[in-house]
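Observations on the model geometry
Here are the chains, one letter per residue:
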Amino acid sequence: GSEQKYMTQSENKICQNCKQNFVIEAEDFRLYEHFEVPPATFCPDCRMIRRLAFRNERNLYKRPCDLCKEEKIMMYPKDASFPVYCFPCWWSDNWDAAQYARDYDFSKPFFEQYKELLFSVPRSGIIKQGKSVGSEYTNRVTDQRRCYLVFGSINNEDCRYSSWINDSKQLHDCYNVLKSERCYDCVDCQQSSNIAFSQESRECLNSWFLFNCRNCSDCFGCVNLRNKNYCIFNEQCSKEEYDQKIAELKFDTPEGFVAAKEKFENLKKIQIVPWAYIYQANDSTGNWVYNSKNVKSAFNCNNVEDARYIYGISNGKDFMDFWQWSAGSEKIYEAINAGIQCANLKFVNECWNQLLDSEYCMNCHSSQDLFGCSGIKKGQYYIFNKQYSESEYHDLKSKIIAQMKEVPYVDKGGRTYRYGEYFPIEISPFAYNETFAQEFFPITKEEAKKNGYPWRDEEKRNYSITLKSKDVPFSARMVSDEISKEVIACEHEGKCNHVCATAFRILKEDLEMHKLSKAPLPKLCPNCRHFDRLSRRNLPKLWSRKCACDYKVYPNSAKHLHHPEGSCLNEFETSYSPEDKAIVYCEPCYQQEVV
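Fair warning: this is a prediction, and the values are worked out from it, not measured in the lab. (Residues numbered from 1 in each chain as written. Predicted model: local features only at pLDDT ≥ 70, side-chain atom pairs only at ≥ 80, totals over all residues. Heavy atoms only, no water.)

**Things to note about the overall build of the protein chain**
When helices and strands are counted, the protein chain shows 13 helices and 37 strands. Judged by the C-alpha coordinates and their principal axes, the protein chain covers about 80 × 65 × 40 Å. In the protein chain, which comprises 595 residues, the proportion classed as buried is 56%. Across the protein chain, contacts joining residues at least 24 apart in sequence account for 41% of those joining residues at least 6 apart. Surface exposure of the protein chain reaches about 26100 Å², of which carbon and sulfur atoms provide 47%. Across the protein chain, the 79 positively charged side chains and the 83 negatively charged ones have centroids separated by 3 Å. (Helix = DSSP H or I, 4+ residues; strand = E, 2+ residues; numbered from the N terminus. Buried < 20%, exposed > 50% of the residue type's maximum accessible area, 1.4 Å probe, protein only. Contact = heavy atoms within 4.5 Å. Areas by Shrake-Rupley, 256 points an atom, 1.4 Å probe, with all protein chains shown as cover. Lys, Arg positive; Asp, Glu negative; His and termini not counted. Charge placed at Lys NZ, Arg CZ, Asp CG, Glu CD.)

And the structure:
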């Protein structure tokens, strides 16, 4: 009957959160059976938002550790309603999460009790792996050397104000840049050196304002170029012509910079874009997918197999609704911040180092058979931080799951949470506007309040503005190190929805990078600059579109498979929404034009 139907055809559902229609595909039903969970009641976007609300990456606070009392940089404020330990204290043997053990109360909903446990167990104030040197102001990082305000990154040196950068040196104001050096304000770039204001470009050198270029050197304001040198706004020059035209642009002046940037943006508008950035990935949909197989709705993923609705996953297989990490893990459902050889996990957050066969856990590591736990390290057969025998554990777990199905938790917005739902946003240890949720799906304080989501108001700051943004000199060559003493007003003045810091400094190390890259001095605070970089990227969401290739509209440079029929009939899933005016080509048409 209905069970067979679920496995053979898709169904339309109404999301209990946004009230919009969404489709549970036949393959989704197969995976729900595989993970032994009921079908989703939230749509993919709302499920994603729910997970993102449990990851604070960039908001840091100076506060004392509740164990050693030393003041440290942490991702929880002083007024957090639970104990917060610094990194060494949390991982030490000076405390035991089992001391917060409690019996399960079958007269209360699961999530009500779990919140009580979650807000009593100490949490790690910062997330770091490996060895970081001179990089106190970083979070969710591995092996950083002399890095400042760098987040979600691995193995970097002398980098600043950047997120999701790996194996790089001297990056400044970058997002998702890999194996590169001396780059400024770059997004989604790889294996490049000395480039600035560029996006979706790889193996490029000594260039400014590039979009979707490969193996280009000494180019300026170019789009869709391959293996080129000395090009300006896609026009080939000799070296002498190139040097002369660069001098004539005067992009090291305010007027020249604005004019050059505007010309580059206008050139981008009339150039084609690919349906997606997918490399060596078979039977896959999404964006920024590398070396993968059978992944659907996947974003920023590398070396992943058999997965759906994932983001930021590297090296693993058998996933569904999973955000961030993996590192050799498999069979994970509805999770965020989990990895390092983990397996068979459901509904977890901040769990790593071979956590196995566990559900509804946060901050648990190197353990097995946990249910509804927080902070357990090297344990087995724990429920609500209390240890049981193997038979007791499995018996009690079955009873709790049955109770979760019969006695749902109802949040402040009237949404019901039975077994199979991820944690409600209202029990997140972070405010909505501190998390990835605000970065990818920004809302106002009023909207958060209406939904029952936690929100954090801006703290009053004890500083006086000494320099207005309009008075910041254009070039680093026009100032001395004395500017590092200035408190500069952010141009947004806190009126944006970007967690604006309202003020910032230009430090001596920043000046050095600006002199090296010749980039203008900033007028926005680091948070607003970060949101500006995010705004250039497509959302982790897919729409169905038809290839825009049409000989009657665009003067293609080569014959395509559909020539001379006029328009291409291919349809595909892309992160460019139907409202986006980008000229989106399917893979065959794009490859014919950009080789």
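**Concerning the sheet that holds strand 26 (residues 343–352)**
Ordered in space as 23-24-25-26-27-28-29-30, the eight strands form an open sheet in which the pairing is mixed. Among the strands making up the open sheet, the edge pair consists of strand 23 (278–279) and strand 30 (386–387). In terms of strand pairing, strand 27 (residues 356–362) meets strand 28 (residues 368–371) through two bridges, oriented parallel. Bridge pairing in strand 28 links Leu356 to Gln368. Sheet contacts for helix 5 (residues 110–118): strand 27 and strand 28; angle to strand 27, the most-contacted strand, approximately 80°. (Pairing = 2+ DSSP bridges. Axes fitted to C-alpha atoms, helices over the stretch in contact; angles between N-to-C directions.)

**Regarding the pattern of salt bridges**
Inspection of the entire model under this criterion finds 38 salt bridges. With a shortest N-O distance of 3.1 Å, Lys397 and Glu359 are connected by a salt bridge. You can see Lys397 sitting in helix 8 (residues 390–406) and its partner Glu359 sitting in strand 27, a full 38 residues away along the chain. We classify Lys397 as buried; its relative accessible area is 17%. Classification of Glu359 as buried rests on a relative accessible area of 5%. A cluster of three or more residues bridged by salt bridges with shared partners is formed by Arg47, Arg50, Arg51, Asp321, Glu334 and Glu421. (Salt bridge = Lys/Arg side-chain N within 4 Å of Asp/Glu carboxyl O.)

**Considerations on the side chain of Arg308**
With respect to the helices, strands and loops of the structure, Arg308 is situated in strand 25 (residues 293–339). With a relative accessible area of 7%, Arg308 lands in the buried category. Separated by 2.7 Å, the side chains of Arg308 and Asp28 make a polar contact. The contact partners of Arg308, leaving out residues within four places of it in the chain, are Glu25, Glu27, Asp28, Leu31, Lys296, Phe319, Met320 and Asp321. (Polar contact = N/O pair within 3.5 Å; in protein donor to acceptor, adjacent residues only side chain to side chain.)

**Points about the nonpolar core**
Phe110 and Phe220 are the most contacted members of the largest nonpolar core, which totals 148 residues. With sequence-adjacent residues up to four places away left out, Phe220 is seen in contact with Trp208, Phe209, Cys231, Ile232, Phe233, Tyr242, Ile246, Leu249, Phe251 and Ala260. Leu171, Cys186, Cys189 and Cys222 belong to the second-largest nonpolar core, a separate cluster that totals 19 residues. (Core = buried A, V, L, I, M, F, W, Y, C linked by side-chain atoms within 4.5 Å.)

**Notes on the packing of aromatic side chains**
Going through the model one piece at a time under the given rule, you end up with 66 aromatic pairs. Residues Tyr360 and Phe371 carry aromatic rings whose centres are separated by 5.8 Å and whose planes lie at 70° to one another, so their mutual orientation is edge-to-face. Taken together, the residues Tyr360 in strand 27 and Phe371 in strand 28 connect sequence positions 11 residues apart. As far as the burial class goes, Tyr360 and Phe371 line up, both buried. Here Arg47 stacks its cationic end above the ring of Tyr309, 5.1 Å away from the centre of that ring. Here the guanidinium or amino end of Arg537 rests over the ring plane of Trp288, the centre of that ring lying 3.9 Å away. (Phe/Tyr/Trp six-rings, centres within 6.5 Å; stacked < 30°, edge-to-face > 60°. Lys NZ or Arg CZ within 6 Å of the ring centre and 35° of its normal.)

**Regarding the pairing of strand 18 (residues 205–211)**
Buried residues dominate strand 18, accounting for five of its seven residues. Two strands pair when backbone bridges link them, and strand 17 (residues 193–196) and strand 18 are joined in this way by three bridges, in the parallel orientation. Bridge pairing links Ile195 to Ser207 in strand 18. Pairing of strand 18 with strand 19 (residues 217–223), which is carried by four bridges, proceeds in the parallel orientation. Its bridge partner lying in strand 19, Phe211 is registered against Val223.

**Notes on the confidence of the model for the protein chain**
Here the protein chain averages 95 in pLDDT, and 98% of its residues register 70 or above. Note that residues 1–6 has pLDDT below 50 and, in this model, five contacts with residues that lie over four places away or in other chains. (pLDDT = per-residue confidence, 0-100.)

**Structural notes on the environment of Asn344**
Mapping Asn344 onto the fold places it in strand 26. Owing to a relative accessible area of 28%, Asn344 belongs among the partly exposed residues under this scheme. Leaving out residues up to four positions away in the same chain, Asn344 has contacts with Glu330, Lys331, Leu356, Asp357 and Ser358.

**Concerning unusual backbone geometry**
Although it is not a glycine, Glu203 adopts a positive phi angle of roughly 55°. Exposure remark for Glu203: the relative accessible area of 37% places this residue in the partly exposed category. Unlike most non-glycine residues, Asn300 shows phi in positive territory, near 50°.

**Focus: the pairing of strand 28**
In the sheet, strand 28 pairs with strand 29 (residues 380–383) via three bridges, with the strands oriented parallel. For Gln368, the partnering residue across the bridge sits in strand 29 and is Gln380.

**Here's the deal with the environment of Leu569**
Within the fold, Leu569 resides in the loop between strand 35 (543–546) and strand 36 (571–574). In sequence terms Leu569 and Trp91 are 478 residues apart; their C-alpha atoms lie 57 Å from each other.

**A look at helix 11 (residues 508–517)**
Those residues of helix 11 lying buried are Asp510, Leu511, Met513, His514 and Ser517. Summarising the axial view, the buried residues of helix 11 lie within an arc of 165°, below the 170-degree limit, and thus occupy one face. In this structure, the buried side of helix 11 is in contact with strand 12 (160–163), strand 13 (166–172), strand 15 (181–184) and strand 18. One or two positions beyond helix 11, positive phi appears at Lys518, with a value near 65°. (Arc of directions from axis to C-beta.)

**Remarks on helix 8**
Helix length check: helix 8, at 17 residues, gives a terminal C-alpha distance of 25 Å against a target of 24 Å (1.5 Å per residue), a fit within 8%. Of the residues making up helix 8, those classed as buried are Tyr393, Leu396, Lys397, Ile400, Ile401, Gln403 and Met404. Each buried residue of helix 8 sits inside an arc of 160° when the element is viewed along its axis, so together they form one side. Across from the buried face of helix 8, at angles greater than 90 degrees, the exposed residues are Ser391 and Glu406. (Expected span 1.5 Å × (residues − 1).)

**Re the environment of Gln271**
With respect to the helices and strands, the residue Gln271 is situated in the loop between helix 7 (254–269) and strand 22 (272–274). For the pair formed by Gln271 and Trp455, sequence separation is 184 residues and the distance between their alpha carbons is 41 Å. If near-sequence neighbours (up to four positions away) are discounted, Gln271 is found in contact with Val223, Asn224, Asn234 and Ile583.

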